[in-house]
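The chain contents come next:
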Amino acid sequence: MRIIDLLKKDAVELNVSLSSKEQVIEKLIALQKRAGNLKNADEYKAAILERENQGTTAIGKGIAVPHAKSESVKTPGLSAVTVPGGIDYAAPDGKKSDIIFMIAAPPNGDVHLEILSRLMVMLMESDFCDELRNAKSTDEFINIIDRKEREKYPDSTVRNNQSEERYRVLAVTACPTGIAHTYMAAEALEKAGKKMGLSLKAETNGSGGAKNILTKKEIDACDGIIIAADKNVKMARFDGKRLLKTSVSNGINKPEELIDRIINGDVPVYHSNESQQESFDDEKESFARRIYKHLMNGVSHMLPFVVGGGVLVALGFLIDSLAGNADAGGTFGFTNPAAATVFWIGKAAFALMLPILSGYIAQSIADRPGLLPGIVGGVFAASGYTFGSLIDNQGLVGDDSAVSGFLGALLAGFVAGLVVNLLKKAFSWLPKSMDGIKPVFIYPLFGTLLMGLIMLLINPFVGILNNAISSGLTNLGNSSRLLLSIVLAAMMAVDMGGPFNKAAYVFGTAAIADGNGWVMAAVMIGGMIPPIAIALSTTFNKRKWNAEEQKNGPVNYLMGLCFITEGAIPYAAADPLRVIPSCMVGSAVAGAVASLFNCSCPAPHGGIFVFAVVDHPLWYIVALAAGSAAGAFMLSVLKRNSDGQTSVIQNKS
């Protein structure tokens, strides 16, 4: 298989007049669809935008390669445009991009990605790119690619994986998607090494797994290693070697500078058993950003337990209610045998929420040795263990007043990570022969012991704060509940999956654990509004949207009803100053209505599918309708017509 097998003539347009990154993405997706590569253009667009949010896919030198792997891809393929004068694609070198390829890949299909990686390598050559710019027809454009591929890869083989020579410099390249940047960084580093007269081998951690893998013999013999990656790679194998960690874009754009630093010894020696990761980072992150990343690592691992467990618990209530046991009192939810089975399975999953949160926060800070102490800290936070409760009860029976809950689990995660990192420094004096025993015996043993003691000590104090917050939420007056519901619902629409959205959602799930389901009711309804408001607007106010937006709009009905706020992202990205405020107003209205009628939701996810377990479900539906209508109305007020003219409503206002 060759590149032209994946680049159909229908998927190429030359000298297209486009003025923005958003227009380029729309055009390339339309070409992918025209070539028959996509099952669902909306889902694929969401995947493309998600990748763009992780960092620009512009390479520099006039090249951009937006790409995504998605279930919505029917056939692996390419689309391409040339744009005279170029467009601003936020390239690292500041230059406009005028040759843009889009890669569509299914979740599997690694052979195709190997073929596509050849194109990424070829695009590193300026003469080849100039030929593409000067192509007069689609046929000529495709023939230039085919001719270059046959010249560069005459035997149709992929990167050489074996060699007996000694490499002075080794590299590992990786990007979150593992389609384009991974291979381009590897090629740039290898070409720079060849130009500088030294041997360099690059391992690619692409979507199909690691290729061109570095051997132990090569690692032992090299002068140093460059890690050009935007995701985690296996690091322990580089213990004792000079190591420089940087972004994959620097691997593409600054290969000679990185190699010079290795050759000149201008990088520290890496030790896998020491907490000194910052020493190897070429680009420093702010303290707040590191805290956020650690927190999100815990939250992302926690959410499946919250969602799966919470929905099963809610289903237990629903089954018991349908069985006529709504008045069963303390056994409601598990009076009926079927309800009890579902309820207790969900309860078991939900009970792991806090230990998983704290465990993976600690793991993010201190790597794998932090996992056990973090999980134990979370268990103690959830159970309210104190010195007094253990002595008085002579066993593992917690004190209800000392349950530190979500706050305690957060604190436990960060403290456990710091404790383990301190242990790494405290035991750094041990001989190297004991390196293997430290992460599996010393750190877990002392880390778990210290975390248990710390949580026994602080639980009573954090428990007081946690109970005060819980009681405060429970006892809030109607006006205060209304205000908080409005704020939380609006936060769900601010960035639609970003930090504000996640903060509101995490607050809602924590409130469920404390029995304050009205908080989650506001959060969920706020997250459902943006896609539905946009869908309503594209249906009943078509002049505000172009043909493609109108066509894709109805999909947002389903996404909104399923509590998938991200369905609104493409529309918000295209016109953020009008779409986001409109969605925030709609979400705030929905949150206010839900609060006014005392709606409460025991399930942390599920959208309309869990409305049956909501207190006052009919009013919750009214809240959904009112917020969606308000959001759609605000779009009609604020948004310009698709031809760029201001609407009649806007002019009158």
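Coordinates for the structure precede this section.
Calculation notes
Residues numbered from 1 in each chain as written. Predicted model: local features only at pLDDT ≥ 70, side-chain atom pairs only at ≥ 80, totals over all residues. Heavy atoms only, no water. Helix = DSSP H or I, 4+ residues; strand = E, 2+ residues; numbered from the N terminus. Buried < 20%, exposed > 50% of the residue type's maximum accessible area, 1.4 Å probe, protein only. Phe/Tyr/Trp six-rings, centres within 6.5 Å; stacked < 30°, edge-to-face > 60°. Core = buried A, V, L, I, M, F, W, Y, C linked by side-chain atoms within 4.5 Å. Contact = heavy atoms within 4.5 Å. Axes fitted to C-alpha atoms, helices over the stretch in contact; angles between N-to-C directions. Parallel < 35°, antiparallel > 145°, perpendicular 65-115°, else oblique. Left-handed = near helix turned anticlockwise from the far one by under 90°. Nonpolar A, V, L, I, M, F, W, Y, C, P; charged D, E, K, R; others polar. Salt bridge = Lys/Arg side-chain N within 4 Å of Asp/Glu carboxyl O. Polar contact = N/O pair within 3.5 Å; in protein donor to acceptor, adjacent residues only side chain to side chain. Arc of directions from axis to C-beta. Pairing = 2+ DSSP bridges. Patch = residues over 30% accessible without salt bridge, like charges linked within 9 Å, V, L, I, M, F, W, Y side chains within 5 Å. Areas by Shrake-Rupley, 256 points an atom, 1.4 Å probe, with all protein chains shown as cover.

**Student:** Is there a simple way to think about the environment of Glu257 in this case?
**Tutor:** With respect to the helices and strands, the residue Glu257 is situated in helix 9 (residues 255-263). On the accessibility criterion, Glu257 (43% relative accessible area) is partly exposed. Remark: the alpha-carbon pair of Glu257 and Ala192, spanning 65 residues in sequence, is separated by 9.4 Å.

**Student:** Would you mind showing me how to read the packing of aromatic side chains here?
**Tutor:** For any pair of aromatic rings, geometry is given as the distance between the ring centres together with the angle between the planes. Enumeration over the complete set of coordinates arrives at 8 aromatic pairs. Aromatic side chains Phe427 and Phe446 sit 5.5 Å apart centroid to centroid with 35° between the ring planes, which places their arrangement in the tilted category. Of the two residues, Phe427 is situated in the loop between helix 15 (405-426) and helix 16 (438-474) and Phe446 in helix 16; the sequence distance between them amounts to 19 residues. Here the aromatic rings of Trp545 and Tyr571 are separated by 5.5 Å at their centres, their planes lie at 80°, and the arrangement is edge-to-face. Residue Trp545 is found in the loop between helix 19 (517-540) and helix 20 (547-552), and its partner Tyr571 is found in helix 22 (residues 569-574); the two are separated by 26 residues along the sequence.

**Student:** Hey, could you run me through the nonpolar core in this one?
**Tutor:** In globular proteins that are soluble, nonpolar side chains generally tend to be buried together. Counting 49 residues, the largest nonpolar core has Leu357, Phe406, Met524, Ile525 and Tyr620 as the members making the most contacts within it. Among the secondary structure elements, those contributing two or more residues to this core are helix 10 (287-322), helix 12 (353-366), helix 15, helix 17 (478-494), helix 18 (499-513), helix 19, helix 23 (576-596) and helix 24 (617-638). Take this core: its biggest share by element is 11 residues, from helix 19. Discounting chain neighbours no more than four positions away, the residues touching Met524 are Phe563, Cys601, Ala603, Pro604, His605, Gly606, Gly607, Val610 and Tyr620. Formed by 32 residues, the second largest nonpolar core is a distinct cluster that contains Ile99, Phe128, Leu132 and Ile142.

**Student:** Can you help me understand the packing of helix 19 against helix 23 in this one?
**Tutor:** Helix-helix packing is characterised by the crossing angle of the two axes and by the distance between the axes. One way to put it is that helix 19 packs onto helix 23 with a least axis distance of 8 Å and a crossing angle of 130°. Taken together, the axes of helix 19 and helix 23 lie oblique to each other. Crossing handedness for the pair helix 19 and helix 23: right-handed. Judged by residue contacts, Ile525, Gly526, Ile529, Pro530 and Ile534 of helix 19 engage Val579, Cys583, Gly586, Ser587, Ala590 and Gly591 from helix 23. Counted by class, the contact of helix 19 with helix 23 contains 7 nonpolar, 4 polar and no charged residues.

**Student:** Whenever I open this one, the pattern of salt bridges confuses me. Can you help?
**Tutor:** The final tally for this structure, using the stated rule, is 21 salt bridges. A salt bridge links Lys195 to Glu256; the shortest N-O distance between them is 3.3 Å. Of the two residues, Lys195 sits in helix 6 (residues 181-195) while Glu256 sits in helix 9, which places them 61 residues apart along the sequence. Glu256 sits in the partly exposed class, given a relative accessible area of 33%. Here Asp575 ties to Lys639 by a salt bridge, and the two come within 3.0 Å at their closest N and O atoms. Of this pair, Asp575 sits in the loop between helix 22 and helix 23 while Lys639 is found in the loop between helix 24 and helix 25 (648-652), placing the two residues 64 residues apart along the sequence.

**Student:** Just checking my understanding: could you explain unusual backbone geometry for this structure?
**Tutor:** Glycine aside, residues mostly have negative phi angles, and peptide bonds mostly take the trans form. Despite not being glycine, Asn15 has its phi angle at roughly 55°, a positive value. Looking at the element boundaries, Asn15 is found in the loop between strand 1 (12-13) and helix 1 (21-34). We note that Asn598 has phi near 55°; this positive angle belongs to a residue other than glycine. Looking at the secondary structure, you find Asn598 in the loop between helix 23 and helix 24. You can call Asn598 partly exposed: its relative accessible area is 45%.

**Student:** How do you make sense of the side chain of Thr565 when you look at a structure like this?
**Tutor:** Here Thr565 lies in the loop between helix 21 (555-561) and helix 22. With relative accessibility at 3%, the residue Thr565 sits in the buried group. Of the polar contacts made by the side chain of Thr565, one reaches the backbone oxygen of Gly527; its length is 2.8 Å. Those residues in contact with Thr565, other than ones at most four positions away along the chain, are Met492, Met496, Asn501, Gly527, Pro530 and Pro531.

**Student:** Looking at this structure, how should I read helix 4 (residues 126-133)?
**Tutor:** Helical geometry note: an α-helix holds 3.6 residues per turn, so side chains three or four residues apart project in the same direction. Listed in full, the buried residues belonging to helix 4 are Phe128, Cys129 and Leu132. Down the axis of helix 4, the sector holding all buried residues measures 100°, keeping them to one side. Facing away from the buried side of helix 4 by over 90 degrees, the exposed positions are Ser126 and Asp127.

**Student:** Honestly, the pairing of strand 6 (residues 97-105) in this entry has me stumped. Any pointers?
**Tutor:** Consecutive side chains of a regular strand alternate in pointing toward one face of the sheet and then the other. Of all 9 residues in strand 6, 9 are buried; the element is thus mostly enclosed. One ladder, built from 2 bridges, connects strand 3 (residues 63-64) with strand 6; its direction is parallel. Paired with Ala64 across the bridge in strand 6 is Ile100. Strand direction decides the pairing type here: strand 4 (residues 67-69) and strand 6, joined by 3 bridges, are parallel. Of the residues in strand 6, the one forming a bridge with His67 is Ile103. Relative to strand 6, strand 5 (residues 77-87) runs antiparallel, the two sharing 7 bridges.

**Student:** Looking at this model, I keep getting lost on a nonpolar patch on the surface. Mind explaining?
**Tutor:** On the surface, Phe387, Ile391, Ile437, Val440, Phe441, Leu445, Phe446, Leu449, Leu450, Leu453 and Leu457 cluster together to form a nonpolar patch covering roughly 1,000 Å² of accessible area. Only helix 14 (387-393) and helix 16 provide two or more residues apiece to the nonpolar patch. Residue contributions to the nonpolar patch peak at 8 residues, all from helix 16. One can find Phe387 in helix 14.

**Student:** Mind showing me how you'd approach the environment of Leu123 here?
**Tutor:** Relative to the helices and strands, Leu123 is located in the loop between helix 3 (110-122) and helix 4. Owing to a relative accessible area of 4%, Leu123 belongs among the buried residues under this scheme. Between the alpha carbons of Leu123 and Ile59 there is a distance of 9.5 Å; along the sequence they are 64 residues apart. Ignoring any residue separated from it by four or fewer positions in sequence, one finds Leu123 in contact with Ile63, Val65, Phe101, Phe128, Cys129, Leu132 and Met184.

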